[in-house]
Amino acid sequence: MRLLGLIARRLIWVPLTLLGLVVLVFMVSHVVPSDPARILAGENATTAQLVALRHEYGFDRPLPVQLLRYIVAVIHGNMGISLYTETPVAGEIWRRLPATMELAFYSMLVAVGLGVPLGVAAALNRNSWFDHVLRVVTVSGLAIAAFWLAILLQLLFSMWLGVTPVQGRISDFGPSGVTGFYTIDAALSGDWSMEIDVLRHLALPVATLSFPAMATIVRFTRAGVIGTLGSFFVDYQRAMGIPRRVTVWRYVLRSALTGTLTQIGLVFGNLLAGAVVVEAVFDWPGLGQFAVNSILQSDYNAILGFTIYVGVMFVAVNLLIDIGQVVLDPRGR
Amino acid sequence: MSLLGRIARDRVALAGLIVIAAIALAAIFAGQLATFPQDVDTYHTAQRLLPPSAVHWFGTNQMGGDIYSRLLFGARITLVTAVIAVAVSVLIGVPMGLVAGYWSGFLGDLLMRISDIFLAVPQIVLAIAIAATLGPQIQNVILALSLTYWPFWARLVYAETRNAKSEIYIEAAIALGASPWRVMVLHILPAIAPSIIIRTSIGLGGTILTASALGFLGLGPPPPSPEWGRMIADARAFLPGAWWYAAAPGIAILILVMAFNLLGDGLRDVLDPRLRRHGSPKGASFD
């Protein structure tokens, strides 16, 4: 029942929030007076051509009307025409989405897969040298600039040691694929040398992106396990004679894992944010690189389309996580 | 014991505070401490890309500018940007959260929905959109950062105010006839102040990272400004040869942000060790 109530409430608020985001983005784009018709038409357009272009794109309508048209367009998935490529922004975003999703997925996998066990180990061995070393590493992980870490790793592993490629997603042409995830598509097509190539290209970007995420997860997990270890029911279990190992595996981890879902939600936002600069450094052909190139080309339509798109993704993921939390947390029922 | 006294006893907070003070002083006295203060905007390409030496402690960049000196002046940019952006966000968000939390109901809900809109995208994404549209200048970076950070404070203070309102001493104050303003400013605000102070420190660290990312992307103050993020971006073209050029600003960022994080962690232990560990993207709670 609570679950249905949550979903119902969200289904009302989520579209309104996204609508608000579109309005906000529209306002941001119109703060600075610029003439998109002139940008589209180029330097040598005549006045008549500019007037015609403005009419065609609706730039000559009053602002509220433009806003309404923009909202309707966005709902239909049309985020405008790129001022640079003159092709639809939405299409470009769709094409690049799998690259970023693959990067985010593996970074999340590494961050959680390594972070949770490390956090648990640190909590169980509190104040040991391992705990202290891990603490130093996580504190640095949260203080390091992602773009700088990317450059450092690239310098060390690609340029000096030569074990990983400097940039890109793959050396040659990508696998013809179904999922868009090169790791899956290459495996499906049985081309193992391509698979290894893909993994080598993934290594540094994933390492960079997962590092701060892992730091956050280690810290949260450690705090969560320490909190649970001190709780009453754990003492009760010990008093009953249940060995510590069993207690840890069954109960402490379960609480730690419920917290993990929250952490994934928090971390996802940081992953998206980090992806922008990491893709820039590694020339990864995803959404982040799209954003950076659009900045360089002053392609405002593209930047705003990107912002809306990320907003939709972010809100959707948060919604899923909130639902997941209600489902997983028995205390909520 | 005074606040400073308690901070001094916590070694972690003290270390952070000392580092921040050192960097702030270095930034203020950059003109005196820099070995080549004129290198902020002059160039002498005869000395381009020299490795670290006794003359140029961190080497030189592609214009022959001394990196150490430019770092010092860049510290000014970093600190000013972060402090103003966080101050503006706090000054907008905290009162809004207080008012909305106190008179919860429609006003509170409306404020939270507006905050949700801003928080619907990761901060840097919206900041990029704002800074890119407005143009590469330091004021626009500060504006973009403030506009994307105030909702975090509004939500935090809203939730904390609502919690505080249910405390018995607040009820008592209201029952005694204290005006809402009096209750908010004299009673609730001091109760939530520790939480705000801690997150301000950690938030300054996070803002420095976001601001330097914007600088890296070319959205910060234009060249020849010695902004740290832009220095790293410029250094990329000269890798792997001139590694010192990329290393120095990054290490500076790391040290400064770590100092703010450690100060925040230490403040958390000092101000209220029993403080409920709220998780948040800007300041993971931990011990």
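The residue numbers shown here count from 1 along each chain, following its written sequence. As a convention, the first chain written is A and the first ligand written is 1, with the rest following in written order. Under the rules for a predicted model, residues below a pLDDT of 70 receive no local features and side-chain atom pairs below 80 are neither given nor counted, while totals for whole chains, interfaces and linings still include all residues.

This part takes up the overall build of chain B. Numbering of helices and strands runs from the N terminus, with a helix taken as a DSSP run of H or I at least four residues long and a strand as a DSSP run of E at least two residues long. Counting its regular elements, chain B contains 11 helices and zero strands. Listing every helix and strand of chain B by position from the N terminus yields α-α-α-α-α-α-α-α-α-α-α. Each residue gets a C-beta atom placed from its backbone, and two residues are in contact if those atoms lie within 7 Å. By sequence separation, contacts in chain B at least 24 residues apart represent 71% of the contacts at least 6 residues apart.

It is worth spelling out the overall build of chain A at this point. Along its length, chain A carries 13 helices and zero strands. Secondary structure elements in chain A, listed N-terminal to C-terminal, are α-α-α-α-α-α-α-α-α-α-α-α-α. With C-beta atoms placed from the backbone, a residue is labelled by how many other C-beta atoms lie within 10 Å of its own: buried for 20 or more, exposed for 12 or fewer, partly exposed between the two. Counting every position in chain A, which comprises 333 residues, the buried fraction comes to 41%. For chain A, the share of sequence-separated contacts (at least 6 apart) that also reach a separation of at least 24 residues comes to 72%.

Residues and elements named next belong to chain B. pLDDT runs from 0 to 100 and stands for how confident the predictor is about each residue. Taken over all residues, the pLDDT of chain B has a mean of 85, while the share at 70 or more is 92%. Overall, residues 275-287 carries pLDDT values under 50, and its contacts beyond four positions in sequence, including any with other chains, amount to 30 contacts. Predicted as a complex, the structure gets a pTM of 0.87 and an ipTM equal to 0.87.

Quick look at helix α2 (residues 11-28) of chain B now. All names here are of chain B. Residue count minus one, scaled by 1.5 Å, sets the expected span of a helix. If you check α2, its first and last C-alpha atoms are 25 Å apart, about what 18 residues at 1.5 Å a residue would give, namely 26 Å. Those residues of α2 not exposed but buried are Ala13, Gly16, Leu17, Ile20 and Ala27. Angularly, the buried residues of α2 cover 95 degrees about the axis, an arc narrow enough to put them on a single face. Residues of α2 that are exposed and point over 90 degrees away from its buried face: Arg11, Ile18, Ala21 and Leu25. Here the arc refers to the set of directions running from the helix axis out to each C-beta atom.

With that settled, consider the interface of chain A and chain B. Facing the 47 residues of chain A at the interface are 44 residues of chain B. Put simply, the parts of the chain that give the side of chain A that touches chain B at least two residues each are α1 (2-29), α6 (129-143), α7 (146-160), α9 (192-229), α11 (244-282), α12 (287-296) and α13 (300-328) of chain A. By residue number, the principal contributor to the side of chain A that touches chain B is α11(A), which donates nine residues. In this classification, Asp, Glu, Lys and Arg are treated as charged, Ala, Val, Leu, Ile, Met, Phe, Trp, Tyr, Cys and Pro as nonpolar, and every other residue, Gly included, as polar. Among the residues making up the side of chain A that touches chain B, the classes are represented as 36 nonpolar, 10 polar and one charged.

All names here are of chain B. Where helix α6 (residues 123-134) contacts helix α9 (residues 180-216), the two axes come as close as 11 Å, and the packing angle between them is 45 degrees. Accordingly, the angle class assigned to the pair α6 and α9 is oblique. For the crossing formed where α6 meets α9, the hand is right-handed. Contacts between α6 and α9 involve Gln123, Ile124, Ala127, Ile128 and Ala131 from the first element and Thr210, Ala213 and Leu214 from the second. Of the residues contributing to the contact of α6 with α9, the split by class is six nonpolar, two polar and no charged. Between the N-to-C directions of two axes lies an angle of 0 to 180 degrees, each axis being a line fitted to C-alpha atoms and, for a helix, fitted only over the stretch in contact. Each angle is binned into one of four classes, with values under 35 degrees roughly parallel, values over 145 roughly antiparallel, values of 65 to 115 roughly perpendicular, and all other values oblique. For any helix crossing, the convention is left-handed if the near helix is rotated counterclockwise from the far helix by under a right angle, and right-handed if that rotation is clockwise.

All right, on to the nonpolar core then. With 171 residues, the main nonpolar core has A:Phe147, A:Ala150, A:Val277, A:Ile303, B:Ile128, B:Ala129 and B:Ile232 as its most contacted residues. Considering each element in turn, this core owes the most residues, 16 residues, to helix α11 (residues 243-271) of chain B. Nonpolar cores are built from buried Ala, Val, Leu, Ile, Met, Phe, Trp, Tyr and Cys residues. These are joined into a set through C-beta atoms within 7 Å.

Moving on, we come to the environment of B:Leu209. Looking at where B:Leu209 falls in the secondary structure, it is placed in helix α9. Through-space distance from the C-alpha of B:Leu209 to that of B:Ala191 is 29 Å; in sequence the pair is 18 residues apart. Not counting the four nearest positions on each side in its chain, B:Leu209 is found in contact with A:Ala145 and B:Val257.

Attention shifts here to the packing of α6(B) against helix α7 (residues 138-165) of chain B. Residues and elements named next belong to chain B. α7 packs onto α6 with a crossing angle of 145 degrees between their chain directions and a minimal axis gap of 9 Å. Like other packed secondary-structure pairs, α6 and α7 cross with a definite hand, here right-handed. Of α7, the residues touching α6 (which contributes Gln123, Leu126, Ala127, Ile130, Ala131 and Leu134) are Asn140, Val141, Leu143, Ala144, Leu145, Leu147, Thr148 and Tyr149. Its residues assigned to classes, the contact of α6 with α7 shows 11 nonpolar, three polar and no charged.

The omega torsion across B:Pro223 and B:Pro224 is 5 degrees, close enough to zero to call that bond cis. Tracing the sequence through the fold places B:Pro224 in the loop between α9 and α10 (228-236). Geometrically, the link from B:Leu239 to B:Pro240 is a cis peptide bond, its omega value of -10 degrees lying close to zero. Mapped onto the elements, B:Pro240 comes out in the loop between α10 and α11. Positive phi, close to 65 degrees, is recorded for A:Asn127, a residue that is not glycine. Mapping A:Asn127 onto the fold places it in the loop between α5 (89-124) and α6. Phi is positive for A:Asp283, close to 55 degrees, though the residue is something other than glycine. Assessed through the 12 C-beta atoms surrounding it within 10 Å, A:Asp283 is described here as exposed.

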